[in-house]
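Fold and geometry: a report
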2 protein chains.
Amino acid sequence: MVDCYGMGGLIMHMTNRLDATFAALGDPTRRAILAMLLEDDMAVTDVAEPFEMSLAAISKHLMILMRAGLISQEKRGRVKWCKLEPDALRDVSVWMQGFGQFEPVNLDAFERFLESELPDESQT
Amino acid sequence: MVDCYGMGGLIMHMTNRLDATFAALGDPTRRAILAMLLEDDMAVTDVAEPFEMSLAAISKHLMILMRAGLISQEKRGRVKWCKLEPDALRDVSVWMQGFGQFEPVNLDAFERFLESELPDESQT
DNA sequence: AACATGCTTAACCGAATGGTTGACTGTTAC
DNA sequence: GTAACAGTCAACCATTCGGTTAAGCATGTT
């Protein structure tokens, strides 16, 4: 196999992180979770509430988001709080920006994305 | 299952496209292919050359990039040319930009990414 | 102590992913 | 026409993924 990584694993680490981040973002449930956390930090149970899916499944999704660095979790008492870590998107952003000049940030379009992906607002 | 999509499938279509794009970007081989195509259009065989992987495998990767809209393919004679379509990243960019202000485009960092992910340059 | 809450882990399942090889279809060259 | 080239398709395989249920572990509450 070609060594796509080089530099004795350093680049590989960066590449793996990019893999993890993109893969984490490739699931609509996980993007919805991120959109929810954009509004406020949340406990695991509250994150799970709007989804018709077991708590264990959400717990797995949160683990994937954690390993991708997209969120952090902090246990206070028996509640584990989830916090968005938007910095993890910087590498992704850097990688993407090389592929062209995108139109200046379109907040309207983003609002539509957010609304469409927030599961508890889409059934009204 | 919660209807995460709404609006009679329109949003679902957008969501699916976002899924497809992120998923396509989640594989290092495919990102390397995109980086190669950033330099120039290439025939399928030439895309496959630096990878130690069958032509059929590369053909599949290219199909995935096609369906994600990240590349286009045009057959001229018996050779199929692959062309980068950076516009497909716009939706992804819009989605991402909502999560925070990233530092202004860091071209140096991007160059490093590119070099690290070009498979035929990493073994020198 | 006993119980309820918050969350993770383990075992399992079906479907999707990423790769292989081999046969096949077009297209060009001789 | 025949041979070589460019690429896809089909069948297969191992692994991963996204979900389930059930059990288990901490932490609070009474």
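Just above sits the structure.
We now turn to the structure provided with this report. Just so you know, these numbers come straight off a predicted model, no measurement behind them. (Residues numbered from 1 in each chain as written. Chains lettered and ligands numbered in written order. Predicted model: local features only at pLDDT ≥ 70, side-chain atom pairs only at ≥ 80, totals over all residues. Heavy atoms only, no water.)

**Structural notes on the protein's contact with DNA strand C**
To keep it simple, the criterion reads: The rule for a residue being near a molecule or strand is that one of its heavy atoms must lie within 4 Å of it. The term polar contact refers here to a pair of N or O atoms within 3.5 Å; inside protein, the definition further demands a hydrogen-donor-capable atom paired with an acceptor-capable atom, and it admits residues adjacent in sequence only when both atoms are side-chain atoms. Secondary structure elements follow DSSP: runs of H or I of four or more residues count as helices, runs of E of two or more count as strands, with numbering from the N terminus. We call Asp, Glu, Lys and Arg charged. Ala, Val, Leu, Ile, Met, Phe, Trp, Tyr, Cys and Pro are nonpolar, and the rest, Gly among them, are polar.
Residues in close proximity to DNA strand C total 21 residues, the closest being T45 and S59 of chain A together with S54, K60 and H61 of chain B. In DNA strand C, atoms within 4 Å of the protein come 65% from sugar and phosphate. One nitrogen or oxygen atom from the main chain of V44 of chain A is found 3.3 Å from a phosphate oxygen belonging to DNA strand C. Taking K80 of chain A, its main chain carries an N or O atom lying 2.8 Å from a phosphate oxygen of DNA strand C. Contributing elements (two or more residues each) for the surface near DNA strand C: helix 3 (44–48), helix 4 (55–67) and strand 3 (79–84) of chain A together with helix 4 (55–67) of chain B. A total of 5 residues in the surface near DNA strand C trace back to one element, the largest contributor, which is helix 4 of chain B. The residue makeup of the surface near DNA strand C, split by class, is 9 nonpolar, 5 polar and 7 charged.

**Observations concerning the packing of helix 2 (residues 28–39) of chain A against helix 4 of chain A**
Each pair of packed helices can be described by the angle between their axes along with the distance between the axes. Residue and element names in this part refer to chain A. Definition in use: Convention adopted: a line fitted to C-alpha atoms gives each axis, helices being fitted over their contacting stretch, and angles between N-to-C directions are expressed from 0 to 180 degrees. Oblique is the label for any angle not covered by the other classes, which are roughly parallel (under 35 degrees), roughly antiparallel (over 145) and roughly perpendicular (65 to 115). Two residues qualify as a contact provided that any one of their heavy atoms is within 4.5 Å of a heavy atom in the partner residue.
The contact between helix 2 and helix 4 brings their axes to 10 Å, and the two run at 75 degrees. Here helix 2 lies roughly perpendicular to helix 4, going by the angle between them. Facing helix 2, whose interface residues are T29, R30, I33 and L34, helix 4 presents I58, H61, L62, I64 and L65. Each residue belonging to the contact of helix 2 with helix 4 can be placed in one class, and the counts come to 6 nonpolar, 2 polar and 1 charged.

**Points about helix 4 of chain A**
Residues and elements named next belong to chain A. Just so we agree on the cut-off: The span one expects for a helix is its residue count, reduced by one, times 1.5 Å. Remark: exposure states derive from per-residue accessible area (1.4 Å probe, protein chains only) relative to the maximum for the residue type, with buried under 20%, exposed over 50%, and partly exposed in between. What the arc measures is the spread of directions leading from the helix axis to the C-beta atoms.
Between the first and last C-alpha of helix 4 there are 18 Å, a value that for 13 residues agrees with the 18 Å anticipated at 1.5 Å per step. All of the buried residues in helix 4 are I58, H61, L62 and L65. Along helix 4, the residues classed as buried sweep out an arc of 100 degrees about the axis, all on the same side. Exposed and facing more than 90 degrees away from the buried side of helix 4 are A56, K60 and R67.

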